[in-house]
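Summary of the model geometry
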Amino acid sequence: MSRNTLRPLTVKMITSLLRVHRKLSSLNPAVGAVCGVRWSSGLNRPPLLSAAPARALMDEQIIIKGRFLPPHCPVTVCAQLHSDDGDLWQSFAHYNTNADGTVNLASDHSVGGSYLGCEPMGLFWGLEPAPGSREGLRLRKKNVETPYVVHMSLLEGHVSQREEQSVELAVATTERWYMAPGVKRKDIRQNGVVGTLFLPPGPGPFPAMLDMWGMGGGLMEYRSALLASRGYAAFSLAYFGHKDLPGPQTTINVGDAYFKSAFQFLQDHHQICANRVGIIGLSFGVYLTLRMAAHIGVKASCLICINGPVGSVLDLVDADGRCTAFEESSQKHWSFDERGYVSFRDISSPGNFNPENKLKLENISCPLMWVVGEDDMSASSIENADVMEETLKASGKAHLFTRLSYPGAGHLIEPPYSPNARLSLWSIKPVKFTIWGGYPAPHAAAQEDAWRKILDFLDTNLRGFGQS
């Protein structure tokens with residue numbers, strides 16, 4: 001190669017190297033000298049950032065590596081994505097390159113930024129709204145038929161926000177999916193039941209889960225989509241705050257017959273094993289899960305309860321379980337911090353339950369997994385788990401109970417590698433923000449561990465049954 005061929009590249013590279021050298025030398029002259037020497041000796045390979053696999057499910061780890069970098073030099077790995085509402089989320093992690101000029105997020109330690117230590121998926125659970133974003137955001141997938149597209153950049157030096165002067169050394173992109181290829185999604189509006197059914201690839205028959213969320217209302221599909229991606233038919237059920245349910249949307253206008261019909265819908269489906277159907281609930285969905293199993297004759301194969309109550313403070317409208325509006329029955333139990341943010345923790349304190357809403361927990365006869373976030377600020381999760389455990393023990397059913405408890409985890413224990421929202425906007429006025437609790441690293445660890453154990457629990461208690 002001639003000197004004329006090298007010259008246009010050399011000027012640009014030298015300029016970049018001088019910038020790196022000046023910045024590093026100002027921090028540590030010895031390190032700056034080493035970086036300058038090694039970079040100039042390896043100009044034949046541009047920096048490379050890789051993320052593999054390029055397409056993965058949300059509960060799968062990916063391996064992120066940077067290569068062909070100067071040794072012992074500061075770099076930042078940045079991740080950015082746009083939510084389905086168009087809001088920008090981002091994370092930053094500071095690393096120092098190894099002696100061979102590499103960075104591997106699976107084995108190397110972040111020394112600053114959105115997280116510290118060896119966290120292979122920290123860029124994902126460490127995502128936060130970008131500066132200037134709307135207040136109180138919570139990252140939730142609304143359209144599970146599209147992925148989160150995550151753009152990653154390798155930046156020069158240690159930075160904590162994207163600036164115009166940030167030098168981008170390399171880029172990579174990965175897709176994060178809730179739906180695996182071949183999973184089928186179907187809107188269900190049948191006999192008054194409102195929900196979304198997800199079926200795994202193939203003819204079945206499949207074990208199945210009825211999936212219920214909390215008093216945020218609406219229809220959340222992403223957990224069901226991921227369960228179907230793991231081989232379980234899953235029916236995400238709306239019961240509150242949805243346009244296709246009886247109004248008004250501020251009131252639970254469906255009762256026991258509605259939930260029994262939803263469970264029966266799964267059992268009757270030709271691609272589902274009728275004797276291998278379980279229920280999973282989060283928050284108020286836990287109360288409904290337990291009510292179905294203890295009161296209305298639903299014979300579930302197993303139950304999973306995540307941070308919820310064994311009773312309710314909501315006033316019943318009728319014997320079928322319909323309730324008054326959330327704020328009408330529960331407001332006396334709301335507590336506010338100095339900023340005016342509300343905690344709903346006392347609503348689910350066992351001592352506050354209405355007598356008619358205390359469930360006959362001793363009637364439960366199937367395996368039950370209870371997941372507890374010990375920093376839950378929206379439910380008295382520890383106290384409710386204690387009541388559940390003590391009741392089953394007194395009934396001679398202690399063998400049915402499995403408890404997972406996580407220090408530092410909050411209310412919203414969801415599938416792994418998604419960021420926790422310690423607080424977020426709340427829909428009921430005059431409340432602006434509600435506090436969920438949880439700290440980023442321990443909450444992320446709880447989500448990862450709980451999801452793995454939930455799948456193991458389902459494998460034992462659903463797949464282990466004989467064919468129907």
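Here the residue index of a chain counts from 1 through its sequence in written order. Only residues with pLDDT of 70 or above have their local features reported here, since the model is predicted, and side-chain atom pairs are shown and tallied only from 80 upward, although totals for entire chains, interfaces and linings are computed over all residues. As a rule here, side-chain values cover all heavy atoms of the structure and leave hydrogens and water aside.

Points on a 1 Å grid over protein atoms alone make up a cavity when a 1.4 Å probe fits among them but cannot get out, and a pocket when they form an open set with protein on both sides within 12 Å along at least five of seven lines; lining residues each have an atom within 4 Å of a point. Grid points are joined across faces, edges and corners, and a volume is the space filled by probe spheres set on the points. Here the largest pocket defines a volume of roughly 1,000 Å³. Around the largest pocket sit 45 residues that line it, and Arg138, Arg140, Gly216, Trp426 and Trp436 are the ones nearest its centre. Secondary structure elements follow DSSP: runs of H or I of four or more residues count as helices, runs of E of two or more count as strands, with numbering from the N terminus. At the level of secondary structure, the elements contributing two or more residues to the lining of the largest pocket comprise strand 14 (233-237) and strand 21 (423-425). In terms of residue class, the lining of the largest pocket is built from 23 nonpolar, 15 polar and seven charged. Each residue is assigned to one of three groups, with Ala, Val, Leu, Ile, Met, Phe, Trp, Tyr, Cys and Pro labelled nonpolar, Asp, Glu, Lys and Arg labelled charged, and all others, Gly among them, labelled polar.

What makes a salt bridge here is a side-chain nitrogen of Lys or Arg within 4 Å of a carboxyl oxygen of Asp or Glu, nothing more. Evaluation of the coordinates by the stated rule reveals 19 salt bridges. For Glu221, the salt bridge is made with Arg185, and the minimal N-O distance between the two is 3.0 Å. With Glu221 in the loop between strand 13 (206-212) and helix 4 (222-229) and Arg185 in strand 11 (residues 184-190), this residue pair connects regions lying 36 residues apart in the sequence. For Asp244, the salt bridge is made with Arg189, and the minimal N-O distance between the two is 2.7 Å. Here the residue Asp244 occupies a position in the loop between strand 14 and helix 5 (256-268), and Arg189 occupies one in strand 11, the gap between them amounting to 55 residues. On the basis of relative accessible area, Arg189 is assigned to the partly exposed category, the value being 42%. One continuous salt-bridge network, built from bridges that share partners, spans Asp59, Glu60 and Arg230. Partly exposed describes any residue whose relative accessible area lies between the buried limit of under 20% and the exposed limit of over 50%, with all areas from a 1.4 Å probe on protein chains only and scaled to the type maximum.

A few words now on the side chain of Ser380. Looking at the element boundaries, Ser380 is found in the loop between strand 19 (368-373) and helix 8 (381-394). Whenever two N or O atoms come within 3.5 Å, that pair is a polar contact, provided that in protein one can donate a hydrogen and the other can accept it, and provided that, for residues adjacent in sequence, both atoms are side-chain atoms. There is a polar contact of 2.9 Å between the side chain of Ser380 and the backbone oxygen of Arg345. Note on definitions: a residue-residue contact is assigned when non-hydrogen atoms from the two residues lie within 4.5 Å. If sequence neighbours within four positions are ignored, Ser380 has contacts with Arg345, Ser348 and Ser349.

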